[in-house]
Every structure is written in structure tokens, then in C-alpha cells.
Amino acid sequence: MGAPNGGKSTLFNRLTGARRVMGNWPGTSVEIGRGSWRMGDRTVDAIDFPGTYSLDPLSPDEELTRNLLVEVPLEERPDAIVVVADASHLARSLYLVAQVAEQPYRMVVALTMNDVAERRGVSVDAVKLAEQLGHPVIELDPRRGTGLESLADALTASLDAPAPARPARTAPEGSDFDRADARFAWIDDAVASAVVESEQDRTKTERIDSLLLHPIIGPLAFLGVMWLVFQLTTAVAAPLQDGLDALFTGPIANGATAGLEALGVAHPLVVGLIVDGLVTGVGTVLTFAPLMAIMFCLLALLEDSGYMARAAVVTDRLMRTIGLPGKAFLPLIVGFGCNVPAVSATRVLGDAKQRILTALLVPLTSCSARLAVYVMLAQTFFPENAGSVVFAMYLVSILLVVLTGLALRSTLWRAMGSSALVLDLPTYQRPQPRLVAQVTWMRLRGFLQTAGGIIVVTVMIVWLLQALPASGGHAIGEVPPTESWYATISSWLAPVFAPAGFADWRAVGALITGFLAKEAVISSWAQTYAVADPSTLDPTGQGVSALADQLRMTFDTASGGHPTLAVIAFMLFLLAYTPCVATLAAQKREIGLAWTVFGVVLQLALAYGLAVLVFQVGVLIL
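Fair warning: this is a prediction, and the values are worked out from it, not measured in the lab.

What counts as what
- Residues numbered from 1 in each chain as written.
- Predicted model: local features only at pLDDT ≥ 70, side-chain atom pairs only at ≥ 80, totals over all residues.
- Heavy atoms only, no water.
- Helix = DSSP H or I, 4+ residues; strand = E, 2+ residues; numbered from the N terminus.
- Buried < 20%, exposed > 50% of the residue type's maximum accessible area, 1.4 Å probe, protein only.
- Areas by Shrake-Rupley, 256 points an atom, 1.4 Å probe, with all protein chains shown as cover.
- Phe/Tyr/Trp six-rings, centres within 6.5 Å; stacked < 30°, edge-to-face > 60°.
- Patch = residues over 30% accessible without salt bridge, like charges linked within 9 Å, V, L, I, M, F, W, Y side chains within 5 Å.
- Salt bridge = Lys/Arg side-chain N within 4 Å of Asp/Glu carboxyl O.
- Lys, Arg positive; Asp, Glu negative; His and termini not counted.
- Charge placed at Lys NZ, Arg CZ, Asp CG, Glu CD.
- Contact = heavy atoms within 4.5 Å.
- Pairing = 2+ DSSP bridges.
- Right-handed = clockwise from strand over helix to strand, strands pointing away.
- Axes fitted to C-alpha atoms, helices over the stretch in contact; angles between N-to-C directions.
- Polar contact = N/O pair within 3.5 Å; in protein donor to acceptor, adjacent residues only side chain to side chain.
- Expected span 1.5 Å × (residues − 1).
- Parallel < 35°, antiparallel > 145°, perpendicular 65-115°, else oblique.
- Left-handed = near helix turned anticlockwise from the far one by under 90°.

Student: Where do I start with the overall build of the chain in this structure?
Tutor: When helices and strands are tallied, the chain shows 25 helices and 8 strands. Split into buried and exposed, the 622 residues of the chain put 51% on the buried side. Accessible area of the chain: about 27,800 Å², with a carbon and sulfur share of 61%.

Okay, structure coming up:
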């Protein structure tokens, strides 16, 4: 345990590696890390508590830490505690040490950031500090892996010794202020005996911060960093995703078909379920892997370098208007590339309520998959102003994020965001490749394990709907689109959208397919209308394609002669409703099933209300 930005989680990752798992502590929404730490012949169960400066709780995270260390019976408490103390801010770190020392614990103090302290002219004598504290003090560098064996030896010796019958330090008496004064006096004595300071020039961190925290240069630099994150997340991942998609739809699907034929499996339901359902579903999951890996890697780089805290400072004033900290700007920006990694990026937020609110707002950011549909419809219905229409959709997206955030803040979380930003700015450091890779893999593995099953099952269900005939006369897997259960269910739902101007089963069916993946909307239309898929054409070509002609007739008929209003309503619904099943899987992992369901209901209500409002008001005006 220890304060944020002191190397606590870095040390935990180094000690537990790939054996680390993340999850909420039972009965709470507080996320902790847990893993096995091998110390020679002994393996211990290690817990990474949320970062805290003291045992006086100011948040649910800190309250859980206090409960597990102080409030629970002795037999349920940890056998030993490693308190991480930042040598560059030693006095502040020792307040937590003082409070833990007032409990009957085996304790080892891990002294980190020694290199940073040296650059600031601060020298800490670990031996003298240990004498003052009455507990072992081990100097180490979790980023480079030095001092870990000494920490293991000290903890082993502590565990082998009898449990202390009484605390190493008597808890002070009196009021809260009297007890705090007594602890600070004890800290002053320890620092005075163990720390030597010398005058130093302005540090490199201070020189960099004079630019990155500048009121003008800082926001510009932040936008540049966000642009780079956005570009790398989308542009670099795109060819990798296309390659994986081609691999699964080509060689792997063909291999699975050949394998089933070799085994004598010829029933179209079984073959289709395995090849078009299971294989395609797994391929859908894995095509997200490059995107997620790049996003998690970039987040780890920003966190490990120390820039993430600066980004929070730069954007704090803007984000506080909707009750969120500055760091929430990152996932919202990433959402315009893809909502899936954006939802996972909410992990940079320490407060559970802020994570939930941000994860609920991310689906309202217009991802790149929606862009393909916008372009197709804009070129079809607004060929002279296609660019302006697409740009307007992004403006509406931003407006929806702000207004929905304000509405949720004023109803569900009225007090959130009322406090000022108090943040420890860590020293800039060169990211360690091993730690970055370790954190990236841990987060990617968690996403694939949690979201993978949901995505595969959904893909298989959609395939079944398209493959099963709603009436006799057709073989399974050889059903015309109009005769499938997919078309039947779409027809049942179509009248619901009459007030929005697109009560046509083909338009509604595209929304069902879009629930699986927005990229599939255009191809599903092409299959439904039995025309060539225009996705590979340039925007102008899409606007004059056979599919464009069919869409113009469909929206004209369904809207009663108001196709322009109907297609605007459709685009707004496409913008505001549930992005895709992968986003839902990511939300379930990050904020739980209940909040995910709430988000789906909110998005559907918002999308439907917006579509109906625009169409009905437009009809009245025109």
C-alpha cells in the first residue's frame, strides 16, 4: 500500500507479473489487484490496495483500505504490510507509515524514487530511517527491478518472526488535530535524522512543466498528444484488423469448412453455426485485439512517463463542468476513434462514479465505424453538402456528450465534481518497456476474457436469425433475406419507427445488424437489397450506386415523401443508440451489468426521442 504515483502499482506489477488479476473487492465497487508473489520457496498472496495518503478515508477506495486494515478482526487482517514510501516526498509518505505503525502489524517500508530524490539533492539514509521507524526500510527501484530480493528477504524474516503483540508505536491520544500533530512531530524527528538535503537548480521536470502546464502552450500540447493517440489507435490498428479479418473470413473459415467435410459433417445448421457463427465471432473478437493493445500500450506510456497527471490538470476546468476530472477527456477523445478502447480507457479514472459516468458518455462519441454509414447516406441524400452533413453529425455528438453529462450530473450524481483538483504531479520518467508490456498484456487479456464470450454469442445469434427460415420452403442457411427470421423480427419492430419516418424492415434490420457492428450496416443493406456492396467505392461512387438508388426509394416510401428528414432522423438514431456489442462487453467489464443495461436504455431512449423529434418537427415546418 502507499500513496498514488509513488511506485506502488509498479512494484506490485513487478512482483506478481502475469499472475496478477483485477477485480472488485466483494460487496464493493472498489477495484483491487491481487496476485501471487514468489519469494524463494514461499509463495504469498499479495493484494494491491488503492492508493491512499492516510488511513483517514476521503473516498470509497480509502474507506475499504481502512476497513481491511483497522476495522476487521485481527484474524482477518493481512499477515504483513509493505508500505511504499516515496524518497523524494518522504515526510508526506511517512504519515501513512505512522498510522500503520500504530497497529500490531509486521511492516516493511519499501523506499522508492531514490533516483528522483538524488536529482533533487535529497539523500535518505535507509539504516537510520529504519532505526527511527522501528521497522525494516529497503531501498529499491521497481522500474528497474533492483532491491526486490532484499525486500523479499526482509518480508520473509518478518513473516518468520512471531506476530507483534502490540504496535511498534503507541497511538497518540486527544482530538484528531492532536493526534495529527503528534504524528507530524514523529515524522519530523525521523526525517531530521535520516535525510540530508542540498541546494539544487531547477529540475528537468520543473522546466518541462513550465511548458506543458502553460495556460496556452499546455492545452495545445495536450491536443497534439491526443491527436497522436487518436491517429495511432485508428491508423496503425486498421491494417492489422483488416489482416485478421481476412485471415478468419478466408483461410480459417475455409479450413473449418474443409475440416467439417472431412469429418462427414454436412448439416447446414452445424456448418453455418461453426463457420459463420463461431469462427466469425472469434474473428470479430480478435480483430479488436490490435486496437485494444495499441490503446492500452499508449495509456501505459502516458501513465508511466508522468504525463497523464499533467493532462488532468490541463483539461480539469473544461471537464469539471459536467462533473468529471481532466483525465476523463482522454477516453472521450479516443471514443471518436473507437468506443471499445475508450470505455477501457476509463480505468485511468480513480473514482468509481467518474468511471461510470464517463463510460456512459463514451457511446455518444461518434466512432469511425459510424463514419462509413454517415458518408454513404450523406452522398446519397445530400451530394452537394455531404461534408457539412458529416461534420454536423460530429458536432451533434459533442453536444450530446455535454448535455447528457450535465443531465446525469444534476440527477444521479449532484455532488460529483464539486471539489477542487488536488493532484500529485509525479516526476517525468522514461517508460520501462517491460512494465509497459506487462500492463498492456494484463489489460488486453482481461478484455479478451470478459468481452470475448459476449461478442461470440451475439454473432452466432445474429447468424441464426439470418439463416433460419420464418416459413417453409427454404433450407437452413439458404434463406432469402426477406424470408428469414431476421426480416420477420425487423418487420415486427418497423412500426415502432413510423414516428421517426423510417418504418421499413430493411432500415430497422440495418440497426439490428449495427448493434453487432456498425461496419456491417452497409454490407447488410447490400445483402438485403441483393446489390453490390459499395463500401470499397469512393464517396461519390457510393452516392450513385445501385444501393443508393434503393435507399432513396425506401426512405421516400417509408417517410411519406419526406426522405431527407427521415434519413437525418435515421443518422441521429444511428449516432445515439448502442454502438456495438463489443462496446457493451467492455462496459460490462468496467462498470458492471446493471450500469451497462442502464446505459443501453438511456441510449435507446435518447436516440428514439431525438429521431422522432427531428422528423416530426421537420414535417410541421416543411
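Student: When you look at the packing of aromatic side chains in this model, what are you seeing that I'm missing?
Tutor: The geometry of an aromatic ring pair comes down to the distance between the two centres and the angle between the two planes. Counted under the stated rule, the structure contains 12 aromatic pairs. Note on Y95 and F184: the rings are 5.0 Å apart at their centroids and 35 degrees apart in plane angle, and the pair reads as tilted. Highlighted residues: Y95 in helix α3 (residues 90–101) and F184 in helix α7 (residues 176–194), separated in sequence by 89 residues. Its relative accessible area of 41% is what places F184 among the partly exposed residues. Summarising the aromatic geometry, the rings of W485 and W492 are spaced 5.8 Å apart at their centres and angled 70 degrees between planes, so their arrangement reads as edge-to-face. Residue class for W485 comes out partly exposed when judged on its relative accessible area of 31%.

Student: Explain a negative patch on the surface to me, please; I cannot follow it from the model alone.
Tutor: Residues E118, D125, E131 and E139 make up a contiguous surface patch of negative charge. For E139, the position within the fold is in strand β7 (residues 137–139).

Student: Can you help me understand the pattern of salt bridges in this one?
Tutor: Considering all chains together, one arrives at 13 salt bridges under this definition. For D160, the salt bridge is made with R42, and the minimal N-O distance between the two is 2.8 Å. Placement of the pair is D160 in helix α6 (residues 148–160) and R42 in strand β3 (residues 42–48), with a sequence separation of 118 residues. Residue D160 is classed as exposed on the basis of its relative accessible area of 53%. Since its relative accessible area comes to 29%, R42 is described here as partly exposed. Between R552 and D549 there is a salt bridge; the shortest N-O distance is 2.6 Å. Of this pair, R552 and D549 both sit in helix α22 (residues 546–558), 3 residues apart, roughly one helical turn. The structure contains a network of salt bridges with shared partners spanning D115, R119, D141 and R144.

Student: What should I look at first to understand the environment of S193 in this one?
Tutor: For S193, the position within the fold is in helix α7. Relative accessible area serves as the criterion here: at 29%, S193 is assigned to the partly exposed category. Those residues in contact with S193 that lie beyond four places of it in its chain are K128 and Q132.

Student: Is there a simple way to explain helix α24 (residues 581–591) in this structure?
Tutor: Quick reminder: α-helices carry 3.6 residues per turn. Residues three or four places apart thus point the same way. For α24, the buried fraction is high: 9 of the 11 residues fall into the buried class. Turning to α24, its buried residues number three or more, namely V581, A582, T583, L584, A585, A586, Q587, E590 and I591. Where α24 terminates, the next one or two residues include G592, which has phi positive at roughly 95 degrees.

Student: What exactly am I supposed to notice about the pairing of strand β5 (residues 106–112) here?
Tutor: Looking down a regular strand, the side chains alternate between one sheet face and the other. Burial analysis of β5 places 7 of its 7 residues in the buried class, the great majority of the element. Burial along β5 is two-sided: R106, V108, A110 and T112 facing one way and M107, V109 and L111 facing the other are all buried. Bridge analysis of strand β4 (residues 80–86) against β5 gives 7 bridges, and the strand direction is parallel. Each bridged residue has a counterpart across the sheet, and for V84 the counterpart in β5 is A110. On the question of chirality, the crossover connecting β4 to the parallel β5 by way of α3 is right-handed.

Student: Any chance you could explain the sheet that holds β5 here in plain terms?
Tutor: Backbone hydrogen bonds are what pair the strands of a sheet, in a parallel or an antiparallel way. Pairing is parallel in the open sheet, where 3 strands are placed in the order β4-β5-β7. Because the sheet does not close on itself, it has two edges, and the strands there are β4 and β7. Each neighbouring strand pair of the sheet contributes to a mean axis angle of 25 degrees, computed without reference to strand direction. Bridging between β5 and β7 involves 3 bridges; their strand directions are parallel. Note that in β7 the partner of L111 across the bridge is E139. Of the strands in this sheet, β4 and β5 are in contact with α3, which crosses β4 at around 165 degrees.

Student: Would you take a moment to explain unusual backbone geometry for this structure?
Tutor: If a residue is not glycine, its phi is most likely negative; likewise, a peptide bond is most likely trans. Here the phi dihedral of M113 falls at roughly 60 degrees; this positive angle occurs in a residue that is not glycine. Locating M113 in the fold gives a position in the loop between β5 and α4 (114–119). The exposure class assigned to M113 is buried, which follows from its relative accessible area of 15%.

Student: Would you explain the side chain of T440 in this entry?
Tutor: Residue position: T440 is located in helix α17 (residues 433–467). Looking at T440, the relative accessible area reads 10%, which means it is buried. For T440, the side chain forms a polar contact with the main-chain oxygen of V436, separated by 2.7 Å. Discounting chain neighbours no more than four positions away, the residues touching T440 are A293, F296, C297 and A300.

Student: Can you help me understand helix α16 (residues 386–411) in this one?
Tutor: The first and last C-alpha atoms of α16 sit 37 Å apart over 26 residues, in line with the 38 Å expected at 1.5 Å per residue. What α16 keeps buried is the set A386, V389, V390, M393, S397, L400, V401, T404, G405 and L408. On its buried face, α16 is in contact with α12 (329–335), α14 (352–361), α15 (368–381), α23 (563–576) and α25 (593–621).

Student: It is not clear to me how the packing of α23 against α25 should be interpreted in this structure. Could you clarify?
Tutor: A pair of packed helices can be characterised by two numbers: the angle between their axes and the separation between those axes. Closest axis-to-axis distance for the α23/α25 pair is 8 Å, and the angle between their directions is 165 degrees. By the angle between their axes, α23 is roughly antiparallel relative to α25. The handedness of the crossing between α23 and α25 is right-handed. Across the interface between the two elements, L565, A566, I568, A569, L572, F573 and A576 of α23 pack against Q603, L604, A607, Y608, L610, A611, V614, F615, G618 and V619 of α25.

Student: Looking at this structure, I do not really get the environment of Q432. What am I missing?
Tutor: Its location among the elements puts Q432 in the loop between α16 and α17. Residues Q432 and D304 lie 128 residues apart in sequence; the distance between their C-alpha atoms is 7.7 Å. Not counting residues up to four positions away in its chain, the partners in contact with Q432 are R143, R144 and D304.

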